[in-house]
Amino acid sequence: MAQSQIQLPTIQNWSCHSCSGCCRQHEIEVTPEEKARIEQQNWTAADGIPADRPLFVPLNSVPWSKQFRLGHQSDGACIFLDEQGLCRIHAKFGEPAKPLACRVYPYAFHPRDKKVTVSLRFSCPSVVANKGKSMVSNAAEIRTIAKAVLPEKLQAYSAPAIKPGEQLGWPDFLKFVDRLDETFAQPGLSTLRKILQALFWMHLVGEATFVKVQGDRLRELLDIITTTAVQEVPTDLGEFDPPSRTGMMPFRLLVAQYARKDTTASSESGWRGRWRMLRAATRFAKGRGTTPVLQGEFREVPFEAMDRSFGPLPEEADEILTRYFRVKIQSLHFCGPAYYDVPLVEGFHSLILVYPAVLWIARWLAASDDRENWTVNDISRALAIADHHHGFSPLFGSGPFRRRIRILNRLGDIPKLCVAYSGEITS
Ligand code: SF4
């Protein structure tokens, strides 16, 4: 694959720091060829593989399943993870011998016109911390992985719709994306201010039709509405009302979905697991009493604890959040084939709701620790927890999830939630 066909998120650095987080969080599906190859590697207890655990387990519970994933140790770690937190397949046979899904992480590849964009998963702590080599230095490795993942001849995809029934060609679609990136690239503004401007002009995009406004006319229109956003978004955040009571319920349910941990170790199958999740969802819907513990990082704390002030957002955390949005925007990781085939405007709303959801989860982490101030570490951990799902969990593309996003938008609650949980005003 030619280098020109791959678009890298140049604002992001990454190298693997072998924390083994991904080997504990993900279920790795293997192809029949990968399964056969690993079986031929002849793994035994002498290599440190637990003798009482299978190397592979069926991906679903039906006995005739032909799809398999890697097995796990009793603590939920990958069956091939050693005591030092390293991969045994990698150590013994080299990186190319691993299943492709392990080699790809934390990259994700998405179609963009005649190119492929590269996104990164912020569930990896090294991505959140921007630690490691620049993406340009990683380009050769990314090209090798892309070649293994993508077909030789790239399929031509249409540009994602702007909104239902409103489809433009790639050049015009990308004008919106580039403007979003410019909005988030503005220096000297907090992530919240950039979000409020972007929501303002994307609201106008959602109201307009573009059949007769394309090419240079579209560029002019975008000039006008983005300039208007700079002038019209109130500088006094006190002008934003608190989120509506009606909107808080779908928002809390959204947070609950982001805060779940769906790993082999944490998942409970069958009626017991479903019953526990249903009870947790009911408590989140009510938003009274204490939070159910969705995973080990959280403690049961009063819901109202998340509505008190945890101090201003640390500057470093704000940089992480802006970088997150720019990586997802540049790589189109919020709409079209990269995000459940949703149109641009709806996908953008969904992406922006990560901001208040992450800040709610960060408050929960701080409150779980009996702290009155949040730290960069709280925001980093909350982002890693939330991005584990964003664009990857099938639940997020489901009808009920998408309905919640549309309800919050209809109620005008998205900017209010961003302001309320930003730490820029005391509530
Ligand atoms: S989570 Fe990231 S840093 Fe940790 S092992 Fe996986 S890829 Fe490496």
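The preceding data block contains the structure.
What comes next concerns the included structure. Starting afresh in each chain, residues are numbered from 1 along the sequence in its written order. Thresholds applied to this predicted model are a pLDDT of at least 70 for local features of residues and 80 or more for the giving and counting of side-chain atom pairs; totals over whole chains, interfaces and linings are not thresholded and use all residues. Derived side-chain values reflect all non-hydrogen atoms in the structure, with water molecules and hydrogen atoms excluded from consideration.

1. A few points about the overall build of the protein
- In terms of regular secondary structure, the protein is built from 17 helices and six strands.
- Taken against the 2.2 N^0.38 rule, which gives 22 Å for 427 residues, the C-alpha radius of gyration of the protein at 22 Å falls within 12% of a compact globule.
- A principal-axis box enclosing the C-alpha atoms of the protein has dimensions of 70 × 55 × 40 Å.
- Residue pairs at least 24 apart in sequence account for 74% of intrachain contacts in the protein once pairs closer than 6 positions are excluded.
- Side chains of the protein give 52 positive and 46 negative charges; the mean places of these two sets differ by 5 Å. Runs of E in the DSSP output that reach at least two residues are strands. Runs of H or I that reach at least four are helices, and both are numbered from the N terminus. With the radius of gyration taken over C-alpha atoms, the globule rule is written as 2.2 Å times the number of residues to the power 0.38. Contact criterion: two residues are considered in contact whenever any of their non-hydrogen atoms come within 4.5 Å of each other. Only four residue types enter the tally: Lys and Arg on the positive side, Asp and Glu on the negative side; His and the chain ends are excluded. Charged groups are reduced to one reference atom each: NZ for lysine, CZ for arginine, CG for aspartic acid, CD for glutamic acid.

2. Some thoughts on the environment of Phe-325
- Relative to the helices and strands, Phe-325 resides in helix H12 (residues 315–330).
- With a 1.4 Å probe rolled over the protein chains alone, any residue whose accessible area is under 20% of its type maximum counts as buried; one over 50% counts as exposed, and the rest are partly exposed. Taking relative accessible area as the criterion, Phe-325 reaches 1% and is therefore assigned buried.
- C-alpha separation for the pair Phe-325 and Ala-185, spaced 140 residues apart in sequence, amounts to 9.8 Å.
- When near neighbours in sequence (up to four residues on either side) are disregarded, Phe-325 contacts Phe-184, Thr-191, Ile-195, Leu-351, Ile-352 and Tyr-355.

3. What about the site of the ligand?
- What makes a residue near a molecule or strand is one non-hydrogen atom of that residue sitting within 4 Å of it. Lining the immediate environment of the ligand, one finds Trp-14, Cys-16, His-17, Ser-18, Cys-19, Ser-20, Gly-21, Cys-22, Tyr-105, Cys-124, Pro-125 and Ser-126.
- Only helix H1 (21–25) and helix H5 (125–128) provide two or more residues apiece to the shell around the ligand.
- In this count, Pro and Cys sit with the nonpolar residues alongside Ala, Val, Leu, Ile, Met, Phe, Trp and Tyr, while Asp, Glu, Lys and Arg are called charged and the others, Gly among them, polar. When its residues are assigned to classes, the shell around the ligand shows seven nonpolar, five polar and no charged.

4. Here's the deal with the nonpolar core
- Formed by 113 residues in total, the largest nonpolar core has its most connected members in Tyr-107, Phe-109, Phe-173, Phe-176, Trp-201 and Phe-251.
- If you tally residues by element for this core, the top one is helix H14 (residues 354–368), at 12 residues.
- Just so you know, the domain bounds were taken from an automatic or database domain assignment. If you count residues domain by domain, this core takes at least three from each of domain 1 (3–149) and domain 2 (158–427). Buried Ala, Val, Leu, Ile, Met, Phe, Trp, Tyr and Cys residues form a nonpolar core when they are joined through side-chain atoms within 4.5 Å.

5. So, the side chain of Asp-181
- Mapped onto the fold, Asp-181 is located in helix H7 (residues 170–185).
- We define a polar contact as two N or O atoms separated by no more than 3.5 Å, with the added condition that, inside protein, one atom must be a possible hydrogen donor and the other a possible acceptor, whereas residues neighbouring each other in sequence contribute only through side-chain atom pairs. A polar side-chain atom of Asp-181 sits 2.8 Å from a polar atom in the side chain of Arg-326.
- A distance of 3.2 Å separates the side chain of Asp-181 from the side chain of Gln-330, its partner in a polar contact.
- Excluding residues within four positions of it along the chain, Asp-181 makes contact with Arg-326, Ile-329 and Gln-330.

6. Observations concerning the sheet that holds strand S6 (residues 115–120)
- The sheet built from three strands is open, its strands ordered S1-S6-S5 with mixed pairing. Both outer strands of the open sheet, strand S1 (6–7) and strand S5 (107–112), are each paired with one neighbouring strand and no more.
- Summarising the sheet, S1 and S6 pair through two bridges and their orientation is parallel. Across the sheet, the residue bridging to Gln-7 is Thr-117, located in S6. Strands are labelled as partners when DSSP assigns at least two bridges between them.

7. Brief notes about the packing of aromatic side chains
- Any two rings among Phe, Tyr and Trp, with Trp reduced to its six-membered ring, count as a pair given centres within 6.5 Å; such a pair is stacked if its planes are under 30 degrees apart, edge-to-face if over 60, and tilted if neither. Per the counting criterion, the structure on display carries 19 aromatic pairs.
- Linked through ring pairs, Phe-284, Phe-298, Phe-303, Trp-360 and Trp-364 together constitute an aromatic cluster.
- Charge over a ring is defined by NZ of Lys or CZ of Arg lying within 6 Å of the ring centre and within 35 degrees of the ring normal. Above the plane of the ring of Trp-43 lies Lys-92, whose end atom (NZ or CZ) is 5.0 Å from the centre.
- A cation sits over an aromatic face here: Arg-121 above Phe-392, 3.4 Å from the ring centre.

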